[in-house]
Amino acid sequence: MDRNRVIPAMIEATGTEAHLRSILATVPDAMILIDEIGTILSFSAAAEKMFGYAEREVVGENVSMLMPSPDRERHDGYLRNYRKTGVRKIIGIGRVTTARHRDGSTFPIELSIGEARIDGQRIFTGFIHDVTQRQQTELRLQDLQSELAHVGRVSEMGTLASSLAHELNQPLTAIANYCEGAAGLLAGSPDQEALEMAREALQETAVQAIRAGEIVRRMRDFLRHGETEHRVESLARIMSEANALALVGAGEHGVDVQVNLDPVGDLVFVDRVQIQQVLLNLIRNAIEAMIDSPVKNLTIASHVEGDMVSVSIEDTGSGVSDTLAPQLFQPFITSKQKGMGVGLSICRTIVEAHGGRIGFEPAAGGGTTFRFTLPTAEVEE
Amino acid sequence: MTAHRGRMNAWKSIRLELDRTDDFPTGSVGRAFLLRVPLDDEGRIDEAAFANSPHRATIRRHWSSEPDESGHLERLEDGWAMRSNGKADRMLKLAGEGLRLGERIVLVDTTGAALPFRIASIR
């Protein structure tokens, strides 16, 4: 599509060029106009500042240049798919994702997209809000985070389940003992005293049964809002959102994030929010481990292994100490000043609940590689 | 101390953007390499600093509509090469001596084809 036709048409629609320019210059969020195949038509002053490119440099370029992998190589496909199916996955909905600055760094953004027809041609307008330094939690982030907090509760369940089972065992053992005792007392021809004792034993049985019921109800209450929902999801989408969330507030650390996902294993059968929790924990740990490192490279990759997808998160940080390593996935184990040390234990609970495994190994560059597997949902041809 | 600080500061992040070619008559800012390398005062890659910590000399390839690639700088007998791991291994030799802001540099692939780049920033 020709920028020389769109811009005059927009000018006509908005009144004057000065009017249009003033709108573009004062919109606080970055505004980028693209045609239906992704070619940049217009790039606002805020976009110039946010991404580090001048408008004259990027007009005519594919908008995918402003994205890191995996969106970079997939964006043409997203547009093609929309042209073909008309199914809106982001237009009018908005999402949190990651953008790439000219200097190579990535930063979290909130992206809203509108669609319009000008002069018979379809154009898309992207409004981009940088959430790196946000002071107040954005609505979308709030939603995601409260969901994540929720997942935390569900995952704690896994850790608590064994102690609850133990608790439940006590009244059940007592019930069995009282019943056996009562049966013994009632055998043959019991006298009045034996009948009285048997009655007491049965009363005690009822008390213990109610206690067991209460324990079960407590578990149910604990879980009530935490039913998990496994669906077919795109790993790239899950990753992009988790990455953006993990990068919020991490911009000043200058971490170089690389994402290399295997397109073959993109579809996974998971609870999206839970897996985002795992990624969020692992990415944040990786960023924290690199705070004092001269090289801060974070590499996230995936590849298919049979009917599972293996996801790895590799940092160039300080590594895991030998003393901590054997018990790293146990709850309440941490090397951090702050934090309870339940993050990795939650990760393990979630991954294992998905039928996967999680582990770690020293990385070649001196840091650590965490690796976990998830079930694929790819349909076999 | 000064020399030490000098060495520390020698590590630069350099952005190479595609310069004018037949396919891109005005060049393309959406096709770039990011190099992290130590430079001496003349803008040449500092061999000693590189030899000290070669794993720090990283390469990033950010190319419109293509997956990001990462790799490392390599010392060849007759110069330097950038090796990155995309679908296939990619090796590009740096032709020329120095890396100075605004200047052009040519990258030569294993078939001998040359791609011109402009040094867009050195930080």
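Residues numbered from 1 in each chain as written. Chains lettered and ligands numbered in written order. Predicted model: local features only at pLDDT ≥ 70, side-chain atom pairs only at ≥ 80, totals over all residues. Heavy atoms only, no water.

**Quick notes on the overall build of chain A**
From N to C terminus, chain A includes ten helices and twelve strands. Here the contacts in chain A between residues at least 6 apart in sequence split such that 64% fall between residues at least 24 apart. (Helix = DSSP H or I, 4+ residues; strand = E, 2+ residues; numbered from the N terminus. Contact = heavy atoms within 4.5 Å.)

**Points about a nonpolar patch on the surface**
There is a patch of nonpolar side chains on the surface, built from Val232(A), Leu267(A) and Phe269(A) and spanning about 240 Å² of accessible area. Its location among the elements puts Phe269(A) in strand β8 (residues 267–270). (Patch = residues over 30% accessible without salt bridge, like charges linked within 9 Å, V, L, I, M, F, W, Y side chains within 5 Å. Areas by Shrake-Rupley, 256 points an atom, 1.4 Å probe, with all protein chains shown as cover. Salt bridge = Lys/Arg side-chain N within 4 Å of Asp/Glu carboxyl O.)

**Some details on the packing of helix α9 (residues 272–289) of chain A against helix α10 (residues 343–353) of chain A**
All names here are of chain A. Between α9 and α10, whose axes approach to 9 Å, the crossing angle comes to 145°. α10 is crossed by α9, and the crossing has left-handed handedness. Only Gly343, Leu344, Ile346, Cys347, Ile350 and Val351 of α10 make contact with α9, whose side of the interface consists of Gln274, Ile275, Gln277, Val278, Asn281, Leu282 and Asn285. Tallied by class, residues from the contact of α9 with α10 come to eight nonpolar, five polar and no charged. (Axes fitted to C-alpha atoms, helices over the stretch in contact; angles between N-to-C directions. Left-handed = near helix turned anticlockwise from the far one by under 90°. Nonpolar A, V, L, I, M, F, W, Y, C, P; charged D, E, K, R; others polar.)

**A word on the interface of chain A and chain B**
Counting from both sides, the interface comprises 22 residues of chain A and, opposite them, 23 residues of chain B. For the pairing of chain A and chain B, the buried interface totals around 1800 Å² over both sides, and the portion due to carbon and sulfur atoms is 41%. On the chain A side of the contact with chain B, Arg72(A), Arg102(A) and Gln258(A) bury the most area, a combined 27% of that side's loss. Viewed at the interface, chain B and chain A are joined by five salt bridges. A salt bridge links Asp256(A) to Arg60(B); its shortest N-O distance comes to 2.8 Å. Counting across the chain A and chain B interface gives 17 residue pairs in polar contact (both at pLDDT 80 or more). For the side of chain A that touches chain B, the secondary-structure elements that each account for two or more residues are α4 (55–58), α5 (71–85) and β7 (256–260) of chain A. (Buried area = accessible area lost by both parts, 1.4 Å probe. Polar contact = N/O pair within 3.5 Å; in protein donor to acceptor, adjacent residues only side chain to side chain.)

**Focus: the nonpolar core**
Ranked by internal contacts, the top residues of the largest apolar core, which has 40 residues, are Met239(A), Leu279(A), Leu282(A), Leu298(A), Ile300(A), Ile313(A) and Phe372(A). When contributions to this core are tallied by element, the ones reaching two or more residues are α8 (235–247), β7, β8, α9, β9 (297–305), β10 (308–314), α10 and β12 (368–375) of chain A. With sequence-adjacent residues up to four places away left out, Leu279(A) is seen in contact with Ile238(A), Met239(A), Ala242(A), Val311(A), Ile313(A) and Phe372(A). Counting residues in hydrophobic clusters, the runner-up holds 27 residues, among them Ile34(A), Val58(A), Ile90(A) and Val29(B). (Core = buried A, V, L, I, M, F, W, Y, C linked by side-chain atoms within 4.5 Å. Buried < 20%, exposed > 50% of the residue type's maximum accessible area, 1.4 Å probe, protein only.)

**What to know about the pattern of salt bridges**
As enumerated under the stated definition, the model contains 26 salt bridges over all chains in all. Of the charged contacts in the structure, one is a salt bridge between Arg88(A) and Glu115(A), with a shortest N-O distance of 3.0 Å. On the criterion of sequence distance, the pair formed by Arg88(A) in the loop between α5 and β3 (95–100) and Glu115(A) in strand β4 (residues 106–118) is long-range, its members being 27 residues apart. A relative accessible area of 47% places Arg88(A) in the partly exposed class. We note a salt bridge from Asp68(B) to Arg100(A), for which the minimum N-O separation is 2.5 Å. Here Arg100(A) lies in strand β3 and Asp68(B) lies in the loop between β3 (58–63) and β4 (69–76), a pairing that spans two chains. An identical accessibility class is assigned to Asp68(B) and Arg100(A); each is buried. Linked through salt bridges whose partners overlap, the residues forming this network are Glu57(A), Arg102(A), Arg15(B), Glu17(B) and Arg118(B).

**Brief notes about α10(A)**
Considered for burial, the residues of α10(A) that qualify are Leu344(A), Ser345(A), Ile346(A), Cys347(A), Ile350(A) and Val351(A). Taken from the residues just after α10(A), Gly355(A) is the one with a positive phi, measuring 85°.

**Description of the packing of aromatic side chains**
The full count for this structure, using the stated rule, is eight aromatic pairs over all chains. Centroid distance Phe43(A) to Phe51(A): 6.1 Å. Interplanar angle 50°. Geometry classified as tilted. Ring centres of Phe51(A) and Phe107(A) lie 5.6 Å apart, and the angle between their planes is 55°; this geometry places the pair in the tilted category. You can see Phe51(A) sitting in helix α3 (residues 45–51) and its partner Phe107(A) sitting in strand β4, a full 56 residues away along the chain. Assessed through its relative accessible area of 2%, Phe51(A) is described here as buried. Overall, Phe107(A) belongs to the buried group, its relative accessible area being 8%. One aromatic cluster in this structure is built from Phe43(A), Phe51(A) and Phe107(A). Above the ring of Trp63(B), the side-chain terminus of Arg61(B) is found at 4.3 Å from the ring centroid. Residue placement shows Arg75(B) over the ring face of Trp80(B); its charged tip is 4.5 Å from the ring centre. (Phe/Tyr/Trp six-rings, centres within 6.5 Å; stacked < 30°, edge-to-face > 60°. Lys NZ or Arg CZ within 6 Å of the ring centre and 35° of its normal.)

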